[in-house]
Amino acid sequence: MRIFWKNILAVLLLVGGLYYMSQSNFLITGQSQKVITNELTWSVQRLVSKESWVEQGGYLPLNVSYQLLAGAPSTQQRFLSVGLSSVKRAKGSYLIPTLQSLFSQSSPEERSSMVVVVLLADFDVSWRVSTATEIKTAFALELEQGQLVVLHVPQEMYPPYTGLKRNYNDLPERVSFRSKQNLDYSFLILYSASLGQYYLQIEDDVFSAKNFLSTIKRRVAEQEAKKTTWVMLEFSALGYIGKLYKSAQLPLLARFLFLFYQEMPCDWLMGRFRDLMTQKEPIFFKPSLFQHMGTYSSFQGTYNKLKDKDFEEQYTNPSAEVYTDMSSYKKHFPKLAWDAGEDFFWGRSPEKGNHLTVVFRGPTLVTGIMVETGSGGKDLLESAQVEIGHDVITTEKDRSCKEFQTVGTFKNGLFEIQEMDKKYTSASSCLRIQITAAQKDWLIITKIRISTKLRTSTNQA
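Just so you know, these numbers come straight off a predicted model, no measurement behind them.

Novice: What should I look at first to understand the overall build of the protein in this one?
Specialist: Broken down by element type, the protein carries eleven helices and 19 strands. The buried share of the protein, reckoned over its 461 residues, is 51%.

Novice: I tried to follow the environment of Gly-368 on my own but got confused; where do I start?
Specialist: Residue position: Gly-368 is located in strand β14 (residues 355-373). According to the relative accessible area criterion, Gly-368 is buried, its value standing at 2%. With near-sequence residues (within four places) excluded, Gly-368 lies in contact with Ile-417, Gln-418, Met-420, Arg-449, Ile-450 and Ser-451.

Novice: What exactly am I supposed to notice about the side chain of Ser-247 here?
Specialist: Here Ser-247 lies in the loop between β9 (243-246) and α9 (250-259). Given a relative accessible area of 0%, Ser-247 falls into the buried group. Setting aside chain neighbours within four positions, we find Ser-247 in contact with Ala-193, Gly-196, Gln-197, Tyr-198 and Tyr-199.

Novice: Mind showing me how you'd approach helix α8 (residues 212-225) here?
Specialist: Since the α-helix advances by 3.6 residues per turn, residues separated by three or four positions end up pointing in the same direction. For α8, with 14 residues, the first-to-last C-alpha span of 20 Å sits near the 20 Å given by 1.5 Å per residue. Every buried residue of α8 is accounted for by Phe-212, Leu-213, Thr-215, Ile-216, Arg-219, Val-220 and Gln-223. For α8, the angular spread of buried residues about the axis comes to 155 degrees, placing them on one side. Of the residues trailing α8, Lys-227 is marked for its positive phi of about 60 degrees.

Novice: Would you take a moment to explain the pairing of strand β4 (residues 114-120) for this structure?
Specialist: A regular strand places its side chains on the two faces of the sheet in alternate fashion. For β4, the buried fraction is high: seven of the seven residues fall into the buried class. Summarising the sheet, strand β3 (residues 78-86) and β4 pair through seven bridges and their orientation is parallel. If you follow Ser-85 over to β4, its bridge partner there is Leu-119. Both β4 and strand β5 (residues 148-152) contribute to a ladder of four bridges, which runs parallel. When the sheet's bridge partners are listed, Leu-119 is paired in β5 with Leu-151.

Novice: For this particular structure, what's the right way to read the pairing of strand β19 (residues 443-453)?
Specialist: Sheet topology note: the strand β13 (residues 345-347)/β19 ladder contains three bridges and is antiparallel. Paired with Trp-346 across the two strands is Ile-444, which belongs to β19.

Novice: Is there a simple way to think about the state of the cysteines in this case?
Specialist: By definition, a disulfide links two cysteine residues through a covalent bond between their sulfur atoms. All told, the structure shown has one disulfide when counted by the stated rule. The side chain of Cys-401 participates in a disulfide bridge whose partner is Cys-430; the two sulfur atoms lie 2.1 Å from each other. On the sign convention where negative is left-handed, the bridge of Cys-401 and Cys-430, at about 85 degrees about the S-S bond, is right-handed. In this pair, Cys-401 is assigned in strand β16 (residues 399-409) and Cys-430 in strand β18 (residues 428-435), connecting sequence segments 29 residues apart.

What counts, and where the lines are drawn
- Residues numbered from 1 in each chain as written.
- Predicted model: local features only at pLDDT ≥ 70, side-chain atom pairs only at ≥ 80, totals over all residues.
- Heavy atoms only, no water.
- Helix = DSSP H or I, 4+ residues; strand = E, 2+ residues; numbered from the N terminus.
- Buried < 20%, exposed > 50% of the residue type's maximum accessible area, 1.4 Å probe, protein only.
- Contact = heavy atoms within 4.5 Å.
- Expected span 1.5 Å × (residues − 1).
- Arc of directions from axis to C-beta.
- Pairing = 2+ DSSP bridges.
- Disulfide = S-S within 2.5 Å.

Spatial relationships are all this shows, so hold off on functional conclusions.
Here it is as structure tokens:
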């Protein structure tokens, strides 16, 4: 009898053990089950937002199970949480360079004020293991200090994202890709809701501008001082890059993306969300703080050459003096168009023959010139030409060059030319914008940017 009960007990222990193993994270489902010993994951509970009415009342429940792959969620709220989702790409990988840029472009004080949340959203366990291992190796300090968290959401948490309706006549593969991406962002945003006062959405293939967090903090303070409704501030014109939200609104945004995940791409949905939350117009800030670096898209590895023309990482024009005979409005002096930053030159209605002249500190071999004018389609430069000059001369009023040659004219308020050195092989001492016809509107020159290269011994000023 004693042997009988021992056998029964052994069977129960075996069945219990098999059940426990079948529920653990070390088994995966497939054509054949095998133990994955390298993916050490454990479930983690997200912090519930105390500022959101959706969360406070338990309305519109969205229950998601998260697996923590690296790092530990901080219990102390930071100023900024930065979220990005990443999947296995057919060509190239930009996740590690993106993370390196986020941290390297931030000061120690800025890094202590933010937490970066990475959702590894691919269901290829081998890719997740290798990617998580690479992150642990490259960012051990950031993980230890609570500045980086790496997550995964199991596939069973996702609603169907194949065989969906083909809105906008998209291919079935494209519909599946963008629908799953919406779900990825929904889960990522929901987890991040209480980690920071503000939440920044980026993609996994971007460069960051130097001290982007301090710039964001300053812009937020300026926006709050206006006492107007805002839902989303945009620090890049591209896709779902550089979009800033108040964290109190994230639980609602997460549910919005989840509810309409199969209807349209995420950047379209975020525009609808902004409208519904009564922000009437987009709020863009220039220069952009993030630049797309990827060459190949995460969708089927297709070629992607998108670039944000307003991004300036650490741009610096050569040293120069800037003169003009146009009347400046208030403190919008001509030098502001030359210097890096957000300020600009603002002049009253220009007359034919007016000029803005840049005099270089030394002879410079110019390879490219870009001049942008206007703001919101107004105060554009209507008629002007761009010239380069040689032989600096000094007058009673200012400095200029003895002779100039025209390199091109403005079109729709914009001038741009590249590879100038193929035609203009000698170094220049001046750059001049010459007004060729009077205009009634005032003039804003937002930026003058040139590219240069070292002169050879044959180049003369």
